[in-house]
Amino acid sequence: MKRLCFLTACLIMVNLVAEAQYSRYIIIFKNKKETPFTLANPSLYLSEKSISRRSRQNIPVDSTDLPITPAYIESIRSVKNVRILNKSNWLNQLCISTTDPNALATINSFSFIKATTPVALRVMSSSTYDPQKDIELEEPFSRLNRTGSVSANSLNYGNTFNQVHLHNGEYLHNLGFTGEGITIAILDAGFFGYKTNPAFDSVRLQNRVLGEWDFVAGEQSVNEDNTHGMYCFSIMAANRPGTMVGTSPKAKFYLFRTEDVSSEYPVEEQNWAAAAELADSLGVDMISSSLAYSDFDVPSFSYSYTQRNGNTAIVTRAADLAAQKGIIVMNSAGNSGASTSDLKFIGCPADGDSVVAVGAVDATGAIAAFSSIGPNGAGKRKPNIVSVGVATTLAGIDGNPESGNGTSFANPNIAGLIACFWQAFPEISNMNIIDAVQRSSHKYNNPDDRFGYGIPDFKKAFAILIKKSFNGTISNEKCIVNFNWASKVDKTMRYEVERKTGTDTGYTKIAAINGTSSIFAMGSYSFRDTIRSLSPTVVRYRLKQILPGDSALVLLDSSISITSICLTNNDIIVSPNPFNNNINVVVNSSEPIQKISIGLYNMLGQRLYYFEGSKPAGLYSHAIPGAGLPAGGYIITIRDNRKMIYSKKIVK
């Protein structure tokens, strides 16, 4: 018993020593009781844009959105030697800083506290900062000397063309979708020098950086920190025509520093969660993050492969909650694919069910050996997609293009294009945008653990969502076929109606209708086709939307059954055309024709056949023998007395 007591005392002393080494903690609350905020009035804690995003996607405000009970926060704030660093309403927790064991004891005595968890050691003394020190990179950078332009495109990409072109991203840009109206929050380790870097001239002049915050240092500026976020930012936002143009050069941005490159502790996950929640409350549309968590400086904090299951890590739970609020959450897959240990698998938050995890390929589409693999710890498909993360063009500190490797760079490259894609279809929910992107990818029908669904193709994705936006009907009334439809269209696009009857060998275009909208938007159109048939038949129709570049998308393919003779007064049919044997001439008129003449001529005007007779009221049919005629073109004429009532070219 004495030995056991001594051992217990030793363990208590060890725990106290270990506890004393920590300086930052997460305080988790049991509930949100007595909060003055309500779900009925979210404008008190969410921006108008944030509420609008939820409303547009039919996402209700729920209890996770409610702020932490203010009385709980004030109770923590009143404890001596405690500083509140940040908070997460979603997870109902605070991050605090303290080195006072008595303060922790006081906090743990509160009845509303669920748990107190250390997340970082004491703040270490900082050494001289090196802005070139980076994270998540597979290989060092190299300077790019090549320049050039692509004159066939609306943007003069220069060095970034290949990483855009792999995804047919220029298709979106050429249609005018460059990210305008989309707001992206970038969560990273710093954005060193972005306020003076020439690559960001446009974004600065147009005031498209809407805000910034350093969750590591607790200050407003992120301009003096690590370069990693600046590199990622440049892949999306740079605008130096002929040198480098980013994938979403007209988007708006929030820049948040959440990663401390000097150490690796779960406090950075909490920073990420707080930043994502702030981004949501400000109304962002997307989050782009090139960070991954699995191994920490204190091994007991690390996440095993089975724990990287989409539901365990703080950062993953926060990322999935962000997606539940209607945000598209993009994250790099990680650069440990060549590892022989469990580290080769995807990190956090890329393991999240609703997070788009991005692996790396080169500009030819070959997978990068370093790109982390899937599935996640629960067996879910990961990565989701891949993009150019080998020799990716980005802006250096001086604004000139450099080349670097890493899934860190693949992620913003494709995130920027997804922003442009969502600009074209803002009415589509975040998860349906992701679904269309994945469906467009080259391995969608045969995904694997390295590519996921593969390389997205935005020309295909665009067609997928146009077809999704389409609604239309086709009906027949007394031999009049009516089309009514609506889809997204603009003046650069047109519709074509094609028809095939039972005697036709292929479809014939019978109408072309141009888009009338000056902007890409839903438009309503109609078309009427008059059927001419001597007997009941089936007529097949196709409605196509012709996109820029003359790619055709079949919107409607339908058959109409004609159950009666479809001829009107003064109607004439000559069939078939082309013909092989007899040529059938049918004339329908309510009045008799005393003298009707039918002639067949070759293209030189020589008459080959002539008939003259009379026609009673109603249907009249006459057959012209054509079996012995050579192949070529002919003219059929029909006269009422001497008056020409019909002339048409036919072909054998």
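Residues numbered from 1 in each chain as written. Predicted model: local features only at pLDDT ≥ 70, side-chain atom pairs only at ≥ 80, totals over all residues. Heavy atoms only, no water.

A. The arrangement of the pairing of strand β1 (residues 22-29) in detail. Most of β1 sits inside the fold, with seven of its eight residues counted as buried. With seven bridges connecting them, β1 and strand β4 (residues 113-121) associate as antiparallel partners. Paired with Y25 across the bridge in β4 is P118. Alignment of β1 against strand β3 (residues 93-97), held across five bridges, turns out to be antiparallel. In the strand pairing of β3, I26 is matched with C95. (Buried < 20%, exposed > 50% of the residue type's maximum accessible area, 1.4 Å probe, protein only. Helix = DSSP H or I, 4+ residues; strand = E, 2+ residues; numbered from the N terminus. Pairing = 2+ DSSP bridges.)

B. Quick peek at the sheet that holds β1. Strands sit in the order β2-β3-β1-β4 across an open sheet of four strands; the sheet is antiparallel. Lying at the two open borders of the sheet, with one neighbouring strand each, are β2 (83-88) and β4. Across the sheet, the mean angle from the axis of one strand to that of its neighbour is 25°, orientation sign disregarded. Strand direction decides the pairing type here: β2 and β3, joined by five bridges, are antiparallel. Bridged to I84 within β3 is I96. Sheet strands touched by helix α9 (residues 267-282): β1, β2, β3 and β4. Its angle to β2, the strand with the most contacts, is close to 60°. (Axes fitted to C-alpha atoms, helices over the stretch in contact; angles between N-to-C directions. Contact = heavy atoms within 4.5 Å.)

C. Spotlight on the nonpolar core. Core analysis: the largest hydrophobic core is formed by 85 residues, its most contacted members being F233, F253, M286, I418, F421, F425 and F462. Examining the composition of this core, we find that 11 residues originate from one element, helix α11 (residues 407-424), more than from any other. Grouped together as the second largest cluster of nonpolar side chains are 56 residues, I27, F296, A322 and C348 included. (Core = buried A, V, L, I, M, F, W, Y, C linked by side-chain atoms within 4.5 Å.)

D. The layout of surface pockets, seen in detail. Taken as a whole, the largest pocket encloses approximately 1000 Å³ of empty space. Residue lining of the largest pocket: 29 residues in total, with T501, T503, D504, R532 and S575 positioned closest to the centre. Within the residue set of the lining of the largest pocket, elements represented by two or more residues are β20 (508-514), β21 (521-530), β22 (537-547), β24 (571-575) and β30 (643-651). Here the element with the most residues in the lining of the largest pocket is β24; it accounts for four residues. (1 Å grid on protein atoms, 1.4 Å probe; cavity = no way out; pocket = protein on both sides within 12 Å on 5 of 7 lines; lining within 4 Å. Points joined across faces, edges and corners; volume = space filled by probe spheres on them.)

E. Quick peek at the packing of aromatic side chains. Taken as a whole and assessed by the stated rule, the structure comprises 33 aromatic pairs. For the ring pair F37 and Y45, a centre distance of 5.8 Å and an interplane angle of 85° mean the geometry is edge-to-face. Note on Y45: relative accessible area 13%, which makes it buried. A ring pair is formed by F421 and F458, whose centres lie 5.7 Å apart and whose planes are at 65°; its orientation type is edge-to-face. Here F458 lies in helix α13 (residues 458-469) and F421 lies in helix α11, a separation of 37 residues in the sequence. A relative accessible area of 0% means that F421 is categorised as buried. An aromatic cluster is defined as three or more aromatic residues linked by ring pairs; in this entry it consists of Y171, F177, F421, F425, F458, F462 and F520. For R542, the ring lying beneath its charged end belongs to Y507, and the centroid distance is 3.8 Å. The ring of Y610 carries the charged tip of R607 above its face, separated from the ring centre by 4.3 Å. (Phe/Tyr/Trp six-rings, centres within 6.5 Å; stacked < 30°, edge-to-face > 60°. Lys NZ or Arg CZ within 6 Å of the ring centre and 35° of its normal.)

F. Representation of the sheet that holds strand β10 (residues 252-257) within the structure. Within the open sheet, the seven strands sit side by side as β7-β10-β6-β11-β12-β13-β14. Their pairing is parallel. The two strands at the open ends of the sheet, each matched to only one other strand, are β7 (209-214) and β14 (385-388). On average, each strand axis in the sheet is tilted by 25° relative to the strand beside it, whichever way the strands run. Bridge analysis of strand β12 (residues 328-332) against strand β13 (residues 356-361) gives three bridges, and the strand direction is parallel. Pairing of N331 across the sheet is with A357, part of β13.

G. Spatial organisation of the side chain of S517. If you trace the backbone, S517 turns up in the loop between β20 and β21. Taking the relative accessible area as the measure of exposure, S517 reaches 18% and is therefore buried. Within the structure, S517 has its side chain in polar contact with the backbone oxygen of I519 (distance 2.5 Å). If we skip the residues at most four places from it in the chain, S517 touches V489, D490, K491 and Y525. (Polar contact = N/O pair within 3.5 Å; in protein donor to acceptor, adjacent residues only side chain to side chain.)

H. Representation of the confidence of the model for the protein in the model. Looking at the protein, the pLDDT average stands at 90 and 92% of residues meet or exceed 70. Overall, residues 1-20 carries pLDDT values under 50, and its contacts beyond four positions in sequence, including any with other chains, amount to three contacts. When the criterion is pLDDT under 50, residues 124-151 qualifies, and its contacts beyond four places in sequence or with other chains add up to 71 contacts. (pLDDT = per-residue confidence, 0-100.)

I. Local environment of the side chain of K488. Tracing the backbone shows K488 in strand β18 (residues 480-489). A polar side-chain atom of K488 sits 3.2 Å from a polar atom in the side chain of E427.

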